[in-house]
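Structural description and commentary
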Amino acid sequence: MAVLGMLGKPLGEGRYRVVVVTENVTGTATIVTGLSNIVFAVASVQAAGTVIPTYDAGVSSVSGGSVAVSVTEAEAAANAIAATAISVSVLAIGT
């Protein structure tokens, strides 16, 4: 887990941590962030330079410190779940 920064103290609570985790995902996966409670999460497919990604990643659910993600083929007619391992990064904010 790489903590990228600390956000300001929210109304007397503890500080929020910002975490980015990158894993290879085939179709769907649950990514463990190391946080105990997530208040925001976003998933993104990694693409090289100016290449437009042919896959999309999205957060399907959050539970405790884990984020469930789905990877779909952007060009498929029905946005089929990806059958190829794709590098996905999840940015999560929580405690």
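Residue numbers run consecutively from 1 along every chain, following the written order of its sequence. Selection of residues for local features in this predicted model requires a pLDDT of at least 70, selection of side-chain atom pairs for listing and counting requires 80 or more, and totals for whole chains, interfaces and linings are taken over all residues. Water and hydrogen atoms play no part in the side-chain values, which are based on all heavy atoms of the structure.

1. Let's talk about the environment of Thr 84
Along the polypeptide, Thr 84 turns up in the loop between strand E6 (66-73) and strand E7 (86-94). Accessibility here uses a 1.4 Å probe with only protein chains present; expressed as a share of the type maximum, an area under 20% marks a residue as buried, one over 50% as exposed, and anything in between as partly exposed. For Thr 84, a relative accessible area of 41% corresponds to the partly exposed category. Sequence separation of Thr 84 and Tyr 55 is 29 residues, and the distance between their C-alpha atoms is 9.8 Å. Discounting residues that sit within four places of it in the chain, Thr 84 has contacts with Val 25, Thr 26 and Tyr 55. Only DSSP runs of H or I with at least four residues qualify as helices, and only runs of E with at least two residues qualify as strands; both kinds are numbered from the N terminus onward. Two residues form a contact once any of their heavy atoms are found within 4.5 Å.

2. A word on the confidence of the model for the protein chain
Caution is warranted with low-pLDDT regions, since their predicted coordinates should not be read in detail. Known as pLDDT, the predictor's confidence for each residue is given on a scale from 0 to 100. Chain-level pLDDT for the protein chain is 85 on average; 86% of the residues reach the 70-or-more range. Ranking the helices and strands of the protein chain by mean pLDDT puts strand E3 (residues 28-32) first, with 95, and strand E1 (residues 2-6) last, with 68.

3. Topic: the nonpolar core
Val 69 and Val 71 are the most contacted members of the largest nonpolar core, which totals 18 residues. Residue assignment for this core shows that the elements contributing at least two residues are strand E2 (17-25), strand E4 (38-45), E6 and E7. As used in this record, nonpolar core signifies buried Ala, Val, Leu, Ile, Met, Phe, Trp, Tyr and Cys residues forming a set joined through side-chain atoms within 4.5 Å.

4. A word on the side chain of Ser 89
Here Ser 89 shows up in strand E7. We define a polar contact as two N or O atoms separated by no more than 3.5 Å, with the added condition that, inside protein, one atom must be a possible hydrogen donor and the other a possible acceptor, whereas residues neighbouring each other in sequence contribute only through side-chain atom pairs. Here Thr 22 takes part through its side chain, which lies 2.6 Å from a polar atom of the side chain of Ser 89. For Ser 89, the side chain forms a polar contact with the side chain of Gln 46, separated by 2.8 Å.

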